[in-house]
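Remarks on the overall topology
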Amino acid sequence: MKKRTFLKLSSTLMTAPILSPLADLAAPEKLKNWAGNLQYSTDRLYEGKSIGQVQELVKKYDKLKVLGTRHCFNSIADSKDNLLSLKAMDDVISLDTKAHTVTVDASMKYGQLAPYLDKKGFALHNLASLPHISIAGACATATHGSGVKNGNLSTAVSGMEIVTAAGDVRTLSRAKDGDTFNAAVVHLGALGVVTKVTLDIQPTFLMRQDVYENLPMAQLKEHFEAIVSGGYSVSLFTDWQKSRVNEVWIKRRIDKGVKLDAKPEYYGATLAKKNLHPIAELSAVNCTEQMGIPGPWYERMPHFRMGFTPSSGKELQSEYFVPRKNAVEAILAVERLKAHVSPHLMISELRTIDADNLWMSPCYKQPSLAIHFTWKQDWASVKKVLPMIEKELAPFHARPHWGKLFTMTPVQLQSRYEKLPAFKQLVTQYDPKGKFRNDFLNTTIYGI
């Protein structure tokens, strides 16, 4: 979850022109991800402004990776050879009010799409805590949002357009392509270049957000399901200290004829008297409105305001998904490590996501709890802590977020995805010579 320094994004990261290739006129600074912890292995960044240009670039180069909004903390989008940006392709292609779908260019961000949909009377079912990520990139890595009845962002995808390694354009849809579609949505950048995405939408709605402080950890042991089911989306923030959850953020839909209020207590936690940041010591000025004030869905579901561009921040992130049936055991397992975790931690977030049928999603066929860590940017220390966490979560077959930091061995990771062999067969069909393979995929998916 993007917490602390997601609050100040440098304008240069979002507005610098991308040339073809960028390296020709680039400043001496090397290409980095937005958090600054990863330097990409090449500065050869090309831009595709149309489907035709994307096809030409894919045909021209033997090795290529798509680079989106650079919000991944690991090397899943890295390349030693050539990078491709679709930054200019960020329009709404069509809105089908009868089918309740919207089709967009792959580089459109949620923060761009949401206000447009709301004005047209529609909404998405879910949003991540930060709205500044690209739609295609978020779906490719199963980035998720939260809610016991809400699937991750990828579950809204009902169709997609892909340029394969041969430069051919293929379209896939949930309605027509069955297993192939379920395999392709969370594609990890392995199948090709996604150029368009079609998303399911629903009628727009209002939400309110209430925050509570100091929930006793003991309450999770007795009432976990009730606590996380207390709203459309519920997030629990903890530093793993003092046997408590620091803050509980409850986001609820406001439906006609249903009166909502906020009780002064929530399972022992007390209602906050002012807007809070997930890290209580920080200013909440850039957080979405709380205090039960009604607002549009897209101004309440994220934790941070859409009008504020976050900064490349000095932090690291990890996240692990466990079956929700094991949620309490997993939380207590991490709490036992607090002496190792807390010194390097900014904040943790606990949130739920519903099951899905997408082969490479961490929530494939299992309602899940996501245990998220926002770390201080000290990889040497974090790298020592992650194996401890992974060992404690091993009995629950934890799956790491594809775009965040983990140290799990390829053998462990591969064993937790029953559809991985079939997924690799599909990759071979779309990319027989490994044009879109990189070190990350070679290691995590192929064990090379």
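Throughout this description, residue numbers start from 1 for each chain and increase along the sequence as written. Side-chain atom pairs in this predicted model are given and counted only at pLDDT of 80 or more, local residue features only at pLDDT of at least 70, and totals for whole chains, interfaces and linings cover all residues. With hydrogens and water set aside, each side-chain value is computed from the structure's full complement of heavy atoms.

1. Description of the state of the cysteines
The disulfide criterion used throughout: a pair of cysteine sulfur atoms within 2.5 Å. Within the structure shown, the criterion is met by zero disulfides. Free of any disulfide, C363 has its nearest cysteine sulfur in C139, 13 Å distant.

2. Some points on the packing of aromatic side chains
The geometry of two aromatic rings is summed up by the distance between their centres and the angle between their planes. Note on aromatic contacts: the rings of Phe and Tyr and the six-membered ring of Trp form a pair at centre separations within 6.5 Å, being stacked when their planes are under 30 degrees apart, edge-to-face when over 60 apart, and tilted otherwise. Taken as a whole and judged by the stated rule, the model has 12 aromatic pairs. Where W34 meets F73, the ring centres are 5.9 Å apart and the plane angle is 75 degrees; that geometry is what we call edge-to-face. Residue W34 is found in the loop between α1 (11-15) and β1 (45-47), and its partner F73 is found in the loop between β2 (65-66) and β3 (83-85); the two are separated by 39 residues along the sequence. Each residue is assigned to one of three classes by its accessible area relative to the maximum for its type, calculated with a 1.4 Å probe on protein chains only: buried under 20%, partly exposed between the two thresholds, exposed over 50%. By relative accessible area, which is 0% here, W34 ends up buried. Aromatic pair F373 and W375: ring centres 5.1 Å apart, planes at 10 degrees, arrangement stacked. By relative accessible area, F373 is classed as buried at 0%. Aromatic ring contacts, followed pair by pair, group F205, Y232, W297 and Y298 into a single cluster. Sitting over the ring of Y417, R399 keeps its end group 5.1 Å from the ring centre. Only DSSP runs of H or I covering at least 4 residues are called helices, and only runs of E covering at least 2 are called strands; the numbering of each starts at the N terminus. Criterion for a charge above a ring: Lys NZ or Arg CZ within 6 Å of the ring centre, and within 35 degrees of the ring normal.

3. Section: the packing of helix α5 (residues 174-184) against helix α11 (residues 420-430)
Taken N-terminus to C-terminus, the directions of α5 and α11 make an angle of 95 degrees; their axes are 10 Å apart at the nearest point. Comparing the axis directions of α5 and α11 gives the class roughly perpendicular. Side by side, α5 and α11 meet where T180, A183 and A184 of the first sit next to F423, L426 and Y430 of the second. Note on residue classes: Ala, Val, Leu, Ile, Met, Phe, Trp, Tyr, Cys and Pro are nonpolar, Asp, Glu, Lys and Arg are charged, and everything else, Gly too, is polar. Of the residues that constitute the contact of α5 with α11, the class distribution is five nonpolar, one polar and no charged. Where helices are involved, their axes are fitted lines through C-alpha atoms of the stretch in contact, as for all axes, and angles between N-to-C directions lie from 0 to 180°. Should an angle fall under 35 degrees it is called roughly parallel, over 145 degrees roughly antiparallel, and 65 to 115 degrees roughly perpendicular, with every other angle called oblique. It only takes one pair of heavy atoms within 4.5 Å for two residues to be counted as in contact.

4. Thoughts on the packing of helix α6 (residues 217-228) against helix α7 (residues 327-335)
It is the contact of α6 with α7, at a shortest axis distance of 9 Å, that shows an interaxial angle of 160 degrees. Looking at the two axes, α6 sits roughly antiparallel to α7. For α6 against α7, the interelement crossing comes out left-handed. Touching M217, L220, K221 and F224 of α6 are A327, V328, I331, L332 and E335, all from α7. Of the residues contributing to the contact of α6 with α7, the split by class is seven nonpolar, no polar and two charged. The sense of a crossing depends on the near helix, which, turned anticlockwise from the far helix by less than a right angle, makes the crossing left-handed and, turned clockwise, makes it right-handed.

5. With respect to the sheet that holds β3
Read from one edge of the open sheet, three strands run β1-β3-β2, paired in parallel fashion. The open sheet has two free edges, formed respectively by β1 and β2, since each of these has just one partner strand. Strand pairing follows a simple DSSP-based rule, namely that at least 2 bridges must link the two strands. Of the pairings in the sheet, the one linking β2 to β3 comprises two bridges and is parallel in character. In the sheet register, V66 faces β3, and the bridge partner there is L84.

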